[in-house]
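Examination of the molecular architecture
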Amino acid sequence: MSTPKLHAPSHRHRKGMLPALLAGGLAASYLLPYFGVLSPYVQLILISVGVNIILTSSLNLVNGYMGEFSVGHAGFMAVGAYGAAVLSVNVLPYGAAAPWLFPLAIVAGGLAAALLGCVVALLSFKTRGDYLAIVTLAFLMIVKSTLENLDVVGGARGFLGIEKLTTLPWVVAWSVATIWVIRNLVHSRYGRDIQAVRDDEIAANQTGVDTRRAKVLAFSVSSFFAGVAGGLLAHHLQFINPRMFDIAKSTDMLVMVYLGGIGSLGGSILGATIYTLLLEALRPLGAFRMMLMPLMLVLLMLFRPRGIMGMREFSWLLPACDRDAREAAASDVDKDGKA
Amino acid sequence: MHVNRRSGILACILAATLAAACEKASQVPTVHIGLIAELSGDLPAVGASSRTAAEMAVSQVNDAGGLTIGGRSYRVELAIEDNASKADQSASAAQKLASDSDIVAIVGPNASLGAIPAAEIAESSGMVMITPWSTNPKTTLDTRTGAPKKYVFRACFTDPFEGRVLARFALDTLHAHTAAILYDQSSEAPKSQSELFKTIFAEAGGTIVASETYTSGDKDFSAQLTKINQSAPDVVFLPAYYNDVPLVVQQAKRLGIKAPFLGSDAWSSPDLIKLSDNAVEGFYFCNHYAPDVATPEAARFVRAYTETYKRAPDDVAALTYDAFGLLFEALRGAGQVDRRATRDALAKIPTYTGVTGTMRFPEGSGDPIKSAVMLQIRGGKFVWVTNANP
């Protein structure tokens with residue numbers, strides 16, 4: 001291991017690199033498909049990777065950073081998907097005629113989901129742990145049954161006629177925005193409050209942390225991005241039905257969160273990417289694919305219960321101050337080890 | 001540092017899986033056709049029939065030296081996608097096939113619940129889709145304008161026709177005055193068939209005495225069947241897929257419902273008889289063709305299919321075979337392997353004589369005009385009762 005002195009310059013060097021890398025990624029996501037370098041099939045996979053990254057990192061905010069067990073994330077996603085789809089099909093000028101209104105539809109879908117997230121947060125004031133998990137499960141069922149019986153959005157048969165507006169650059173932009181907002185949130189004072197709820201809610205309350213505000217914030221931000229992911233998916237698949245957003249979808253997201261590791265955005269990115277690519281790569285196995293994935297989960301829980309990156313973070317996802325503190329700690333450990 | 005090294009290894013693994021996923025098949029002059037079938041999920045018998053018939057149609061063409069398009073001989077290759085009998089997975093399968101520029105057209109999905117979302121995607125990406133078995137009018141109609149879709153065709157008749165045939169059969173042949181209906185409200189075809197049956201039966205002087213619904217996946221129908229029993233109908237209309245029918249008819253028998261059941265073409269899998277343990281004996285349903293009174297084309301197909309797969313072809317198999325026949329004719333007529341040219345050539349085919357009879361495509365429509373048959377289940381077999389012409 002190297003000394004902190006050797007490390008400091010490399011960080012300053014990196015400071016400008018991350019934005020450059022992101023801008024380059026966004027440009028590439030537009031230019032590569034435009035010049036036919038990326039086959040549409042690869043684009044398809046990348047889009048689902050991106051959507052899953054948004055879902056996983058937003059769920060991680062509640063399940064990882066706040067330490068609650070929400071299984072209702074698919075419900076927020078459904079609200080966002082239907083909200084955005086109804087807006088882009090029935091309210092805004094039709095799709096291709098005004099594509100610049102697309103982000104508006106997505107944001108509106110996200111806000112609708114965030115509103116419901118606030119409601120669930122209010123319920124979480126009184127319940128915790130397993131009981132809150134049941135509340136979120138009930139919420140998911142309510143959303144699904146409501147959509148199944150709403151004939152204006154096609155009921156159980158699904159919502160048709162959605163324009164294909166989701167493109168790779170949009171997905172890249174939204175994924176980066178999600179990671180950026182959640183990273184900045186968890187490392188802010190409000191984020192510390194959220195993590196205090198996880199570590200010890202009563203102690204946090206006693207020391208003056210407004211745990212209610214923390215819960216509302218975590219749930220509404222988390223469900224906002226679930227709604228965004230739903231909107232993106234709806235305009236990618238061009239079809240949504242209530243059955244897509246059942247408990248199995250929530251389970252998928254939980255698998256990605258716990259595979260990547262709770263309380264880690266880097267873990268969420270890895271978890272979502274690995275899970276999505278693996279499912280696609282194992283497609284030739286047919287039905288066995290669905291047996292292999294749960295098996296992987298069992299093995300993961302046995303050997304790495306905290307997931308790939310549990311409670312750790314890539315240094316480029318940490319704010320500079322945390323990064324320095326971490327390296328100082330690491331070098332201390334090194335010195336102790338050598339001593 | 002630990003984390004960084006590990007993430008490097010992970011990145012390598014990811015890159016390798018991505019590269020493996022992108023690998024393409026060999027470059028022989030080949031025309032690729034997509035098939036979306038219900039291989040898993042609620043309707044595996046439908047998917048299996050569709051798949052075997054598709055493989056048979058393709059191997060017959062390949063064995064005969066390939067498909068001649070514009071003077072060149074092409075091998076036909078299938079790209080099979082499973083939609084798990086689900087609407088959303090049909091949409092993603094269609095997205096996947098549409099994004100692959102090698103695929104010139106798709107056949108399937110069979111059930112309307114999957115065919116409707118897939119048709120939306122086929123239409124918006126400008127690729128021909130022929131559904132063998134989806135009878136719902138919405139499949140070939142634009143969701144927004146209600147005008148016919150340009151790229152979507154089907155090999156079967158549509159629900160309005162089937163509803164009329166069934167209603168007339170109940171009135172004229174079964175001499176029924178009252179009817180009860182039980183249908184799956186979450187599935188496209190049963191919902192539209194029951195609505196049309198209701199209207200036509202009532203218009204022709206009959207009375208609907210009970211109309212009950214259930215949702216896909218329900219296993220207990222006793223509440224609905226008790227209500228139906230109380231209303232004492234002459235006939236019970238059950239437009240359900242072959243996987244629901246056995247449960248319904250067995251529970252109806254236990255409740256003492258004596259009225260005959262009348263089914264839609266969704267009944268027509270041989271699995272129906274196997275699963276329902278004689279409870280469907282004597283009941284009637286509408287179908288696309290009757291294997292026991294076959295035309296020369298049908299006889300040839302039935303013989304070849306039975307020889308290869310050691311079982312009789314059901315209507316999905318016959319319709320899938322016809323869908324491929326139509327597509328092959330369109331590709332020959334197009335003179336080039338191109339999505340748009342295939343569509344134009346397909347739209348120009350005025351009549352096509354296939355296993356399931358003669359199809360006539362009216363100008364600008366993907367819905368063929370063709371006749372239906374009524375079958376009765378007698379002695380564990382589907383037996384022809386009558387023909388119904390448009």
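All values derive from a computational prediction rather than experimental measurement. (Residues numbered from 1 in each chain as written. Chains lettered and ligands numbered in written order. Predicted model: local features only at pLDDT ≥ 70, side-chain atom pairs only at ≥ 80, totals over all residues. Heavy atoms only, no water.)

Okay, the side chain of Ser50(B) next. Residue and element names in this part refer to chain B. Looking at where Ser-50 falls in the secondary structure, it is placed in helix H2 (residues 44–63). By relative accessible area, Ser-50 is classed as buried at 0%. There is a polar contact of 3.1 Å between the side chain of Ser-50 and the side chain of Asn-110. If we skip the residues at most four places from it in the chain, Ser-50 touches Leu-35, Ala-37, Asn-110, Val-316 and Thr-320. (Helix = DSSP H or I, 4+ residues; strand = E, 2+ residues; numbered from the N terminus. Buried < 20%, exposed > 50% of the residue type's maximum accessible area, 1.4 Å probe, protein only. Polar contact = N/O pair within 3.5 Å; in protein donor to acceptor, adjacent residues only side chain to side chain. Contact = heavy atoms within 4.5 Å.)

Residue and element names in this part refer to chain B. Strand order in this open sheet of six strands is S2-S3-S1-S4-S5-S6, and the pairing throughout is mixed. The open sheet has two edge strands, strand S2 (67–69) and strand S6 (152–154), and neither has a second partner. Pairs of neighbouring strands in the sheet enclose a mean axial angle of 35 degrees, with direction left out of account. When strand S1 (residues 30–37) meets strand S3 (residues 72–82), the two strands line up parallel, connected through eight bridges. (Pairing = 2+ DSSP bridges. Axes fitted to C-alpha atoms, helices over the stretch in contact; angles between N-to-C directions.)

Residue and element names in this part refer to chain B. Its domain assignment divides chain B into domain 1 (32–153 + 316–371) and domain 2 (160–287). Domain 1 and domain 2 are separated by 29 Å when their C-alpha centres are compared. Regarding the contact of domain 1 and domain 2, the summed buried area is about 1200 Å², with carbon and sulfur atoms giving 56% of it. Counting the contacts that link domain 1 with domain 2 gives zero salt bridges. Taken together, the links from domain 1 to domain 2 amount to four residue pairs in polar contact (both at pLDDT 80 or more). Breaking the side of domain 1 that touches domain 2 down by element, the ones donating at least two residues are H2 and helix H4 (112–124). Taken together, the residues of the side of domain 1 that touches domain 2 break down into nine nonpolar, four polar and three charged. (Domains from an automatic or database assignment. Buried area = accessible area lost by both parts, 1.4 Å probe. Salt bridge = Lys/Arg side-chain N within 4 Å of Asp/Glu carboxyl O. Nonpolar A, V, L, I, M, F, W, Y, C, P; charged D, E, K, R; others polar.)

All names here are of chain B. Under the definition given, this model contains 22 aromatic pairs over all chains. Plain terms: the ring middles of Phe-261 and Phe-283 are 5.2 Å apart, the flat faces sit at 40 degrees to each other, and that makes the pair tilted. Separated by 22 residues along the polypeptide, Phe-261 in strand S10 (residues 261–263) and Phe-283 in the loop between helix H9 (271–276) and strand S11 (284–287) bring together distant segments of the chain. You can call Phe-261 buried: its relative accessible area is 2%. (Phe/Tyr/Trp six-rings, centres within 6.5 Å; stacked < 30°, edge-to-face > 60°.)

It is worth spelling out the pairing of S1(B) at this point. Residues and elements named next belong to chain B. In terms of residue burial, S1 counts as a mostly covered element, since eight of its eight residues are buried. What you see with S1 is no split at all: Thr-30, His-32, Gly-34 and Ile-36 on one side and Val-31, Ile-33, Leu-35 and Ala-37 on the other are buried throughout. Taken together, the four bridges between S1 and strand S4 (residues 103–107) define a ladder with parallel strand orientation. Across the sheet, the residue bridging to Gly-34 is Ile-106, located in S4.

Attention shifts here to the state of the cysteines. All names here are of chain B. Enumeration according to the criterion identifies zero disulfides over all chains in this entry. With no disulfide of its own, Cys-286 has Cys-156 as its nearest cysteine by sulfur position, at a separation of 11 Å. A relative accessible area of 0% places Cys-286 in the buried class. (Disulfide = S-S within 2.5 Å.)

Now for the pairing of strand S7 (residues 178–184) of chain B. Residue and element names in this part refer to chain B. By the criterion of burial, S7 is predominantly enclosed, with seven of the seven residues buried. Every second residue of S7 is oriented toward a common face, with Thr-178, Ala-180, Leu-182 and Asp-184 on one face and Ala-179, Ile-181 and Tyr-183 on the other, all of them buried. Here S7 runs beside strand S8 (residues 207–214); their pairing, made up of seven bridges, is parallel. By the bridge assignment for S8, Ile-181 is matched with Ser-211. Running through helix H6 (residues 188–203), the crossover from S7 to the neighbouring parallel element S8 is right-handed. Sheet analysis places S7 next to strand S9 (residues 235–238), joined by three bridges and oriented parallel. Paired with Ile-181 across the two strands is Phe-237, which belongs to S9. (Right-handed = clockwise from strand over helix to strand, strands pointing away.)

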